[in-house]
Amino acid sequence: MLHRPASDSLWADRDFRLYWVSRVISYAGGTITYVAAPILVYALTGSALLTGVTAATEGLPYLLFGLFAGALADRVDRRRVMVGSDLINAVVLATVPIAAALGRLTAAHVIVVGLVTMTVFVFWDAANFGAVPTLVGRDRIREANNAVWGATQVFDVVLPGLVGLVVAWLAPSTLYWVNAFTFLASAFLVRGIVRNLSGERDPDAGRLREDVLTGLRWLWGHTTLRTMTFIGTTVSFSMGAVMGQLVPFADQVLGIRQGDVRLGAVFAVFSLGGLVGTLASRWLRPFTAARVSLVSTSFMAVLIVLIPWPRDYRVTFVLVFLFGVANLISVVNNITFRQEETPEDMQSRVNTTGRMLSWGLGAPAGALVGGIVAHAYGPALGMASGSIVVIVGVALGWTSSLARIPARRDLVRDTA
């Protein structure tokens, strides 16, 4: 059972403020590494293929460990999982600048660190999915998610441009120190939350395998979530292809080299679009998650077709900005809807299953396919390779039962 805090204001709730700050700080550090990692690998190798592999490793752990992590997080103390994960990642990230200082840093090291940190993040994320509804109450999940995503998008707008500027004077590996310290800060803040982040636990719970199967059956039986999960997977595939080749595309097609502030600005305009998407959610509240998902994904499909072709960076920036708007709306809508619909004792399992299929399968596959295509035909076609899959997802979505759900929430009787 989810218990609502005494105060009606999220910002008057000390525990939520600690949680919010921890998310913003750790996300800021992750954003720095997200921009620095492909720049670092590309600087070490000059390979578009390896740059795509770097992006692919970020989502692969979800495919391998998502189901297990979700089942585990529904059994144990979620706070301990989150704190322990943060501490482990702080240590792992610190090995990159240390290896660089010793003159032993390789692209393989960077890729392995990305793989390890994302593996640990899977367990943190599984616990976090269940912690949010327990912390704020089911009726304030959307408000809490928007508060977190809105703040992180502000950081995303500023930090990529700064990273693009900073790497003109500092080695990208040095920035890994920043991310390591943000994980330490996050662990300290989450540890300070007083309220329990886990619901009641069954002391006679069965095997983890049974928990996994229960979560899978529940998600499969929820027709709306099942369809939205499929569409989310196609969206993630396209994201993997586009974002995985953004650095090579900027270099080879737009003429934006390392050290050029516009390199960071490419990521910044995407995040700025995400910020606008977060603000737009206020006007989307009257509409059902089904319709918002279909419309935003359809818009993304059109943009993915268009992004690779302009040779003027200003046109590319506009298209990437619009892509960021549509992507953020789609992501927040899917996550919030899953958390609203899922029982507390299955929050981690159901949400990590959805994330596993999108981040674990869709994003790595898109990044890998984009890298292979880019290696043979150039980064423009590598980015465009994601368009086919998302167009199929949109077409199937509009012909499914999802499209028959009314556009407005007040007309919905039963979404299950």
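Under an unreviewed UniProt entry, the name given to the protein is MFS transporter, and the source organism is Longivirga aurantiaca.

Enquirer: Would you take a moment to explain a nonpolar patch on the surface for this structure?
Expert: Together, Val 302, Val 305, Leu 306, Trp 309, Tyr 377, Leu 381 and Ile 391 line one region of the surface with nonpolar side chains, adding up to about 680 Å² of accessible area. Of all the elements in the fold, those that place two or more residues in the nonpolar patch are α12 (289–306) and α15 (379–398). Ranked by residues supplied to the nonpolar patch, first place goes to α12 with 3 residues. Within the secondary structure layout, Val 305 lies in helix α12.

Enquirer: Which parts of the structure should I look at to understand the layout of surface pockets?
Expert: Rolled over the atoms, a probe sized like a water molecule indicates the empty space that remains. By volume, the second largest pocket is sized at about 200 Å³. In this structure, the second largest pocket is lined by Glu 143, Asn 146, Ala 147, Gly 150, Leu 275, Thr 278, Leu 279, Ser 281, Arg 282 and Arg 285. The dominant element in the lining of the second largest pocket, judged by the number of residues it contributes, is helix α11 (residues 261–284), at 5 residues. Residue composition of the lining of the second largest pocket, by class: 3 nonpolar, 4 polar and 3 charged.

Enquirer: I keep staring at the pattern of salt bridges and nothing clicks. Help me out?
Expert: Going through the model one piece at a time under the given rule, you end up with 5 salt bridges. Two residues, Arg 195 and Asp 13, come together in a salt bridge whose shortest N-O distance is 3.1 Å. Of the two residues, Arg 195 is situated in the loop between α7 (176–191) and α8 (208–221) and Asp 13 in the segment before α1 (14–45); the sequence distance between them amounts to 182 residues. A salt bridge links Asp 15 to Arg 14; the shortest N-O distance between them is 3.3 Å. Overlapping salt bridges bring together Asp 74, Arg 78 and Arg 349 as one network.

Enquirer: I would appreciate a short explanation of the nonpolar core in the present structure.
Expert: Generally speaking, a soluble globular protein has its nonpolar side chains buried in company with each other. Ranked by internal contacts, the top residues of the largest apolar core, which has 52 residues, are Met 239, Met 243, Phe 323 and Leu 402. With near-sequence residues (within four places) excluded, Met 243 lies in contact with Tyr 34, Phe 267 and Phe 270. Formed by 35 residues, the second largest nonpolar core is a distinct cluster that contains Phe 129, Ala 144, Leu 189 and Met 356.

Enquirer: So what exactly am I meant to see when it comes to the side chain of Asn 128 here?
Expert: Positionally, Asn 128 belongs in helix α5 (residues 107–136). With relative accessibility at 5%, the residue Asn 128 sits in the buried group. Those residues in contact with Asn 128 that sit more than four places away from it in its chain are Tyr 19, Arg 23 and Met 82.

Enquirer: Honestly, the packing of aromatic side chains in this entry has me stumped. Any pointers?
Expert: Where two aromatic rings form a pair, the distance of their centres and the angle of their planes describe that pair. What the rule picks out here adds up to 8 aromatic pairs. Measuring from ring centre to ring centre gives 5.7 Å for Phe 121 and Trp 124, while their planes differ by 20 degrees; the resulting arrangement is stacked. Taken together, the residues Phe 121 and Trp 124, both in helix α5 and 3 residues apart, mark about one turn of the helix. Like Phe 121, the residue Trp 124 is buried in the burial classification.

Enquirer: Honestly, empty space enclosed by the protein in this entry has me stumped. Any pointers?
Expert: The tally for this structure, following the rule as stated, stands at 2 cavities of 30 Å³ or more. Of the voids in this model, the second largest cavity is the one considered here, and its volume is about 120 Å³. Considering the residues around the second largest cavity, the lining is formed by 14 residues, among which Arg 142, Ser 281, Leu 284, Ile 329 and Asn 333 are closest to the centre. A class-by-class count of the residues in the lining of the second largest cavity yields 6 nonpolar, 5 polar and 3 charged.

Enquirer: Which parts of the structure should I look at to understand the environment of Leu 357?
Expert: On the secondary structure map, Leu 357 appears in helix α14 (residues 347–377). Each C-alpha atom, one on Leu 357 and one on Thr 234, is 9.4 Å from the other, the two residues being 123 residues apart in sequence. In contact with Leu 357, not counting residues within four places along its chain, are Thr 229, Thr 233 and Gly 362.

Enquirer: So what exactly am I meant to see when it comes to the environment of Ala 367 here?
Expert: Structurally, the position occupied by Ala 367 is in helix α14. The exposure class of Ala 367 is buried, given its relative accessible area of 1%. With 125 residues separating them in the primary sequence, Ala 367 and Val 242 have C-alpha atoms 7.6 Å apart.

Enquirer: Whenever I open this one, the packing of helix α4 (residues 78–101) against α5 confuses me. Can you help?
Expert: The description of two packed helices rests on the angle between their axes and on the distance between the axes. Running from N to C, α4 and α5 point in directions that differ by 160 degrees, and their axes come no closer than 9 Å. On the basis of their axis angle, the class for α4 and α5 is roughly antiparallel. The two elements α4 and α5 meet at a crossing, and its hand is left-handed.

Enquirer: Please explain α8 as it appears in this structure.
Expert: Count 3.6 residues to each turn of an α-helix, and residues three or four apart come out pointing the same way. Between the first and last C-alpha of α8 there are 20 Å, a value that for 14 residues agrees with the 20 Å anticipated at 1.5 Å per step. Inspection of α8 places Asp 211, Val 212, Gly 215 and Leu 219 among the buried residues, and these make up the whole buried set. One side of α8 holds all its buried residues, which, seen down the axis, span an arc of 100 degrees. Opposite the buried face of α8, by more than 90 degrees, sit the exposed residues Arg 209, Arg 217, Trp 220 and Gly 221.

Reading guide: rules and limits
- Residues numbered from 1 in each chain as written.
- Predicted model: local features only at pLDDT ≥ 70, side-chain atom pairs only at ≥ 80, totals over all residues.
- Heavy atoms only, no water.
- Patch = residues over 30% accessible without salt bridge, like charges linked within 9 Å, V, L, I, M, F, W, Y side chains within 5 Å.
- Areas by Shrake-Rupley, 256 points an atom, 1.4 Å probe, with all protein chains shown as cover.
- Salt bridge = Lys/Arg side-chain N within 4 Å of Asp/Glu carboxyl O.
- Helix = DSSP H or I, 4+ residues; strand = E, 2+ residues; numbered from the N terminus.
- 1 Å grid on protein atoms, 1.4 Å probe; cavity = no way out; pocket = protein on both sides within 12 Å on 5 of 7 lines; lining within 4 Å.
- Points joined across faces, edges and corners; volume = space filled by probe spheres on them.
- Nonpolar A, V, L, I, M, F, W, Y, C, P; charged D, E, K, R; others polar.
- Core = buried A, V, L, I, M, F, W, Y, C linked by side-chain atoms within 4.5 Å.
- Buried < 20%, exposed > 50% of the residue type's maximum accessible area, 1.4 Å probe, protein only.
- Contact = heavy atoms within 4.5 Å.
- Phe/Tyr/Trp six-rings, centres within 6.5 Å; stacked < 30°, edge-to-face > 60°.
- Axes fitted to C-alpha atoms, helices over the stretch in contact; angles between N-to-C directions.
- Parallel < 35°, antiparallel > 145°, perpendicular 65-115°, else oblique.
- Left-handed = near helix turned anticlockwise from the far one by under 90°.
- Expected span 1.5 Å × (residues − 1).
- Arc of directions from axis to C-beta.

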